[in-house]
Amino acid sequence: MVKHWPKGCFKFFKAVCDDTRHGILEYLHTKERANARDIVKHLKVSQPTVSHHLKIMTEAEVLLSEKKGKEVY
């Protein structure tokens with residue numbers, strides 16, 4: 001029995017418990033870095049959908065983001 005869950009545990013599980021997010025993570029695992037446009041092309045889902053999922057995973061600290069000019073990787 002677990003008496004105390006780590007603070008960000010539930011955010012983490014929510015962030016990775018989705019088929020689209022699994023697809024994003026699998027894609028990113030094969031790349032050194034990618035942006036939302038790359039993921040949209042690969043997964044064939046809309047840009048707003050990808051951005052939504054990336055935001056959830058970034059807030060849960062599953063992903064890191066880096067801004068280069070206007071692009072976010």
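It should be emphasised that the depicted structure is a prediction, and the values quoted were computed from it without experimental measurement.

Novice: Explain the packing of helix H2 (residues 19-29) against helix H3 (residues 36-43) here, please?
Specialist: Between two packed helices, both the angle of their axes relative to each other and the distance between the axes serve to describe the pair. Interaxial distance between H2 and H3 falls to 11 Å at its minimum, and their mutual angle equals 110°. Here H2 lies roughly perpendicular to H3, going by the angle between them. Handedness of the H2/H3 crossing: right-handed. Packed against H2, whose contacting residues are Thr20, Gly23, Ile24, Tyr27 and Leu28, the element H3 presents Asp38, Ile39, His42 and Leu43 at the interface.

Novice: I would appreciate a short explanation of the state of the cysteines in the present structure.
Specialist: For the structure shown, the criterion picks out 0 disulfides. The closest cysteine sulfur to the non-disulfide-bonded Cys9 is located on Cys17, 12 Å from its own sulfur.

Reading the values: rules and limits
- Residues numbered from 1 in each chain as written.
- Predicted model: local features only at pLDDT ≥ 70, side-chain atom pairs only at ≥ 80, totals over all residues.
- Heavy atoms only, no water.
- Axes fitted to C-alpha atoms, helices over the stretch in contact; angles between N-to-C directions.
- Helix = DSSP H or I, 4+ residues; strand = E, 2+ residues; numbered from the N terminus.
- Parallel < 35°, antiparallel > 145°, perpendicular 65-115°, else oblique.
- Left-handed = near helix turned anticlockwise from the far one by under 90°.
- Contact = heavy atoms within 4.5 Å.
- Disulfide = S-S within 2.5 Å.

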